[in-house]
Amino acid sequence: MTTQTPNGFTLDNAGKRIVVDPVTRIEGHMRCEVNVNDQGIITNAVSTGTMWRGLEVILKGRDPRDAWAFTERICGVCTGTHALTSVRAVESALGITIPDNANSIRNMMQLNLQIHDHIVHFYHLHALDWVNPVNALRADPKATSELQQMVSPSHPLSSPGYFRDVQNRLKKFVESGQLGLFKNGYWDNPAYKLPPEADLMATTHYLEALDLQKEVVKVHTIFGGKNPHPNWLVGGVPCPINVDGVGAVGAINMERLNLVSSIIDRCTEFTRNVYLPDLKAIGGFYKEWLYGGGLSGQSVLSYGDIPENPNDFSAGQLHLPRGAIINGNLNEVHDVDTTDPEQVQEFVDHSWYDYGEPGMGLHPWDGRTEPKFELGPNLKGTRTNIENIDEGAKYSWIKAPRWRGNAMEVGPLAATSSVTRKGHEDIKNQVEGLLRDMNLPVSALFSTLGRTAARALEAEYCCRLQKHFFDKLVTNIKNGDSSTANVEKWDPSTWPKEAKGVGMTEAPRGALGHWVKIKDGRIENYQCVVPTTWNGSPRDSKGNIGAFEASLLNTKMERPEEPVEILRTLHSFDPCLACSTHVMSAEGAPLTTVKVR
Amino acid sequence: METKPRTPVVWVHGLECTCCSESFIRSAHPLAKDVVLSMISLDYDDTLMAAAGHAAEAAFEETIAKYKGNYILAVEGNPPLNEDGMFCITGGKPFVEKLRHAAEGAKAIISWGACASYGCVQAAAPNPTQATPVHKVITDKPIIKVPGCPPIAEVMTGVITYMLTFDRMPELDRQGRPAMFYSQRIHDKCYRRPHFDAGQFVEHWDDENARKGYCLYKMGCKGPTTYNACSTVPLERRRHFPIQSGHGCIGCSEDGFWDQGSFYDRLTTIKQFGIEATADQIGWTATGLVGAAVAAHAAVSVLKRAQKKNEEA
């Protein structure tokens, strides 16, 4: 049956139904079903979040100063970003300001996460959709060396002997017959287009990136003591600064600043000499594969992040852009107000929750969730053995958030789409430069590869910003300011009886918001709307489809039984299911006033 | 090790946040790449494997059939039991079914992290999904608990390489944790311990004492009741030692650490905590008696530790 969605997509569920469960190389648990016509083209897509943890109800009644630690455990991949969002939400509720150094350190930690997350995503979660490590065995190491030197003359690991060693190691691995992580991969699928030399180069970088990423995170461990899951603090950061006095080993001192600085340099070198060149080299072989645009050229949302100065979240002061684009009008960027009950709303008509009445949308302040696991009449299988899901009924643990009623895509590409706004010439120049280098039109950006490219560009931009905030921190210390925490309102006795706040960040996967209500020094209500809730959204009552589903439509599959193309496009969003499907709030009474920072 | 078949590992994921996997790939010795290329055969791990859907499920079934009785099952996360287990679905079925199926032929099970070992954050009160640690679902297999949120990278790879090198289970304490990594408290080997014993404490965030690196006990540090190797894996301190960066330990390797009051509450409120409450006082009031206090403190700590373990076992 063919239907037209209000947001402009044609769905046809007549063809063969393909199920991908589990979708692998993502964070968390996800299922995807598509219908494919006799030409192998996807005509209908259904994405299902298949886990639910209920963290917000667990937060009820807790000390708001502890909330960062709970919400940080929403996700260990984008580790720290929920914690930052949480301390911002609590600080906005209680009117707590943070010192300048704390802003610089928080920004460095958030930027460091972006860089780490994007590198690990590209090499360890996404690359195997484009790169065939088995084919790398056929490569000529000398030609691989030439390729490496051509695409990135500055990368020192480029000799023929180096690639031969890696190839020999891979050969031994494959010949052992124990293929480990590569077992049952789709290695003879014609969707893989790279020549063996490019496969060897990229597989080598898979290993290099694996070695590097453990160093990248040390920015977190220096300032936050740990990674994954560094420590944060309401009112600032927990690490003191002491570059002079006795006992400075218990604080940020010269040695630690030097370590941070060296890591920033390594991040920058790798991103410029390996990550971006690989993106262009691999992308160059897939230039014809411009599927997967979905909502990206049409409806996108970003909250922005990385405030230049502490406690100022106005759009013009954010290094990562904030804004919303709807109806495909790229020239008009709407400002976003997450406290406006008309802007962000969540719907549950196709989610395993119950609002009591159909078609109702609730702002996160008023968010409520009663889990209701039920499957539709057209289900194939049973309640505990789902063969084909019925998307006409409830079909996901993910809610359906909407911005002014629109299904939105979030993430690096969404942020990039709004670069027409003033003040983000850096990002605009990056995008234009890449398109020029690859000889591609702007329209090519709105695709699976565009999403992957926007992420790499964001990583490079974040490297520059990381350096900027390192310099800013050092300058501030030089000028005599070593303050890292504001403890004026640390004691709950200084808090108002009731308070409400919102925290926002631009997480590696896109717009992330936490909404908190505090009463009598305790959390009364807590709600998160996270990037994969937006991107992985199921349908709403009007039939609008979400970003994952929209992006899969009209894609040609080489072999429908081998979901390489589905994985490519889903992975281009870097899905994080533990983030999206933890959502459960306590009943919140409708608010009459909303207080923001 | 290079010539014999690599030990197959099946790594499954329940309710979790993937911080254990992220920690695992941070391992510096051995490097994560060396573990997966040369030491084990990671034949199933939905976070990292190339295949998906049916091909991934086939890899799972093939591995557990072919290596019945010989593979290690690594579990990250835990199964929720409410809603017939459908709070965590994989392959259209409850995760708990997959866990039971995978456990049947496993040689041994590793419970990675606080989720698999104790339940962790989703099992914090009121535990809406009935998230349940692995050992309460699988009762007929040897289980090694490697708690922490996340566990230390080199502890994770250390446990695996111990099993490969010595071809046996590591010695476990009464809670089922490898004794080599979990038999001492953070406090026992903390580099700030002399400040505790001398009664030198951080009183407020970013105060002069914080800048001097004094003890974080009064800021809620749970080091005195937390068994883990954070203060004793010296080369890796840069990646896993919260106290080093000025925040107290939140006790992330202890059972139920989410439900022990605020992370900033001083430990005197915790029931099992005996002598340190008075040691704190001694430290404050009798600097002249520090030597004696330390000796008494150390002796009683040993007794308390044994006692605590007995209570927990």
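Looking at UniProt, chain A carries the name Uptake hydrogenase large subunit, with the source organism given as Rhodobacter capsulatus. Heading Catalytic activity of the UniProt record for chain A holds this comment: "H2 + A = AH2".

The next subject is the state of the cysteines. Residues and elements named next belong to chain B. Applying the stated criterion to the full structure yields zero disulfides over all chains. Residue cysteine 20 stays outside any disulfide, its sulfur separated by 4.5 Å from that of cysteine 19, the closest cysteine. Counting only cysteine sulfurs, cysteine 249 is the nearest neighbor of cysteine 221, a cysteine outside any disulfide, at a range of 5.3 Å.

Once that is clear, we can look at the confidence of the model for chain B. Detailed reading of the predicted coordinates is not advisable wherever pLDDT falls low. All names here are of chain B. For chain B, the mean per-residue pLDDT works out to 87, and 82% of the residues sit at or above 70. In this model residues 269–300 is a low-confidence stretch, pLDDT under 50, and it forms 42 contacts with partners more than four residues away in sequence or in other chains. The low-confidence segment residues 302–313 (pLDDT under 50) makes 18 contacts with residues lying over four places distant or belonging to another chain.

The next point concerns the interface of chain A and chain B. Each partner contributes residues to the interface: chain A has 100 residues there, and chain B has 91 residues. Around 8000 Å² of area is buried between chain A and chain B when both sides are counted, 55% of it from carbon and sulfur atoms. Taken as a group, Gln178, Leu181 and Lys183 of chain A account for 9% of the area that chain A buries against chain B, more than any other trio of residues on that side. Counting across the interface, chain A meets chain B through five salt bridges. Here arginine 383 of chain A ties to glutamate 83 of chain B by a salt bridge, and the two come within 2.5 Å at their closest N and O atoms. Counting the contacts that link chain A with chain B gives 48 residue pairs in polar contact (both at pLDDT 80 or more). Looking at the side of chain A that touches chain B, the element that brings in the most residues is helix H7 (residues 196–216) of chain A, giving six residues. Here the side of chain A that touches chain B is built from residues that sort into 51 nonpolar, 28 polar and 21 charged.

So, about the packing of aromatic side chains. Counting across every chain of the model gives 35 aromatic pairs over all chains. Ring centres of tryptophan 289 of chain A and tyrosine 291 of chain A lie 5.1 Å apart, and the angle between their planes is 75°; this geometry places the pair in the edge-to-face category. Given a relative accessible area of 27%, tyrosine 291 of chain A falls into the partly exposed group. Cluster of aromatic residues (ring-pair linked, three or more members): Trp52, Trp352, Tyr353, Phe373 and Trp397 of chain A together with Phe87 of chain B. Here arginine 451 of chain A stacks its cationic end above the ring of phenylalanine 573 of chain A, 3.9 Å away from the centre of that ring.

All names here are of chain B. Domain boundaries assigned for chain B yield domain 1 (7–182) and domain 2 (186–312). Taken residue by residue, the interface counts 23 residues in domain 1 and 19 residues in domain 2. Summed over both sides, the interface between domain 1 and domain 2 buries roughly 1700 Å², with carbon and sulfur atoms accounting for 61% of that surface. Area buried by domain 1 at its contact with domain 2 is led by Tyr118, Ile152 and Tyr182, which between them contribute 28% of it. At the junction of domain 1 with domain 2, the criterion picks out one salt bridge. The salt bridge partner of arginine 177 is glutamate 254, with a shortest N-O separation of 3.7 Å. Applying the counting criterion to the domain 1 and domain 2 interface returns two residue pairs in polar contact (both at pLDDT 80 or more). Residue assignment for the side of domain 1 that touches domain 2 shows that the elements contributing at least two residues are helix H5 (113–118), helix H6 (153–166) and helix H7 (179–182). Looking at the side of domain 1 that touches domain 2, its residues break down into 15 nonpolar, three polar and five charged.

The rules behind each value
Residues numbered from 1 in each chain as written. Chains lettered and ligands numbered in written order. Predicted model: local features only at pLDDT ≥ 70, side-chain atom pairs only at ≥ 80, totals over all residues. Heavy atoms only, no water. UniProt positions renumbered as here; feature names shortened; annotations may be inferred. Disulfide = S-S within 2.5 Å. pLDDT = per-residue confidence, 0-100. Contact = heavy atoms within 4.5 Å. Buried area = accessible area lost by both parts, 1.4 Å probe. Salt bridge = Lys/Arg side-chain N within 4 Å of Asp/Glu carboxyl O. Polar contact = N/O pair within 3.5 Å; in protein donor to acceptor, adjacent residues only side chain to side chain. Helix = DSSP H or I, 4+ residues; strand = E, 2+ residues; numbered from the N terminus. Nonpolar A, V, L, I, M, F, W, Y, C, P; charged D, E, K, R; others polar. Phe/Tyr/Trp six-rings, centres within 6.5 Å; stacked < 30°, edge-to-face > 60°. Buried < 20%, exposed > 50% of the residue type's maximum accessible area, 1.4 Å probe, protein only. Lys NZ or Arg CZ within 6 Å of the ring centre and 35° of its normal. Domains from an automatic or database assignment.

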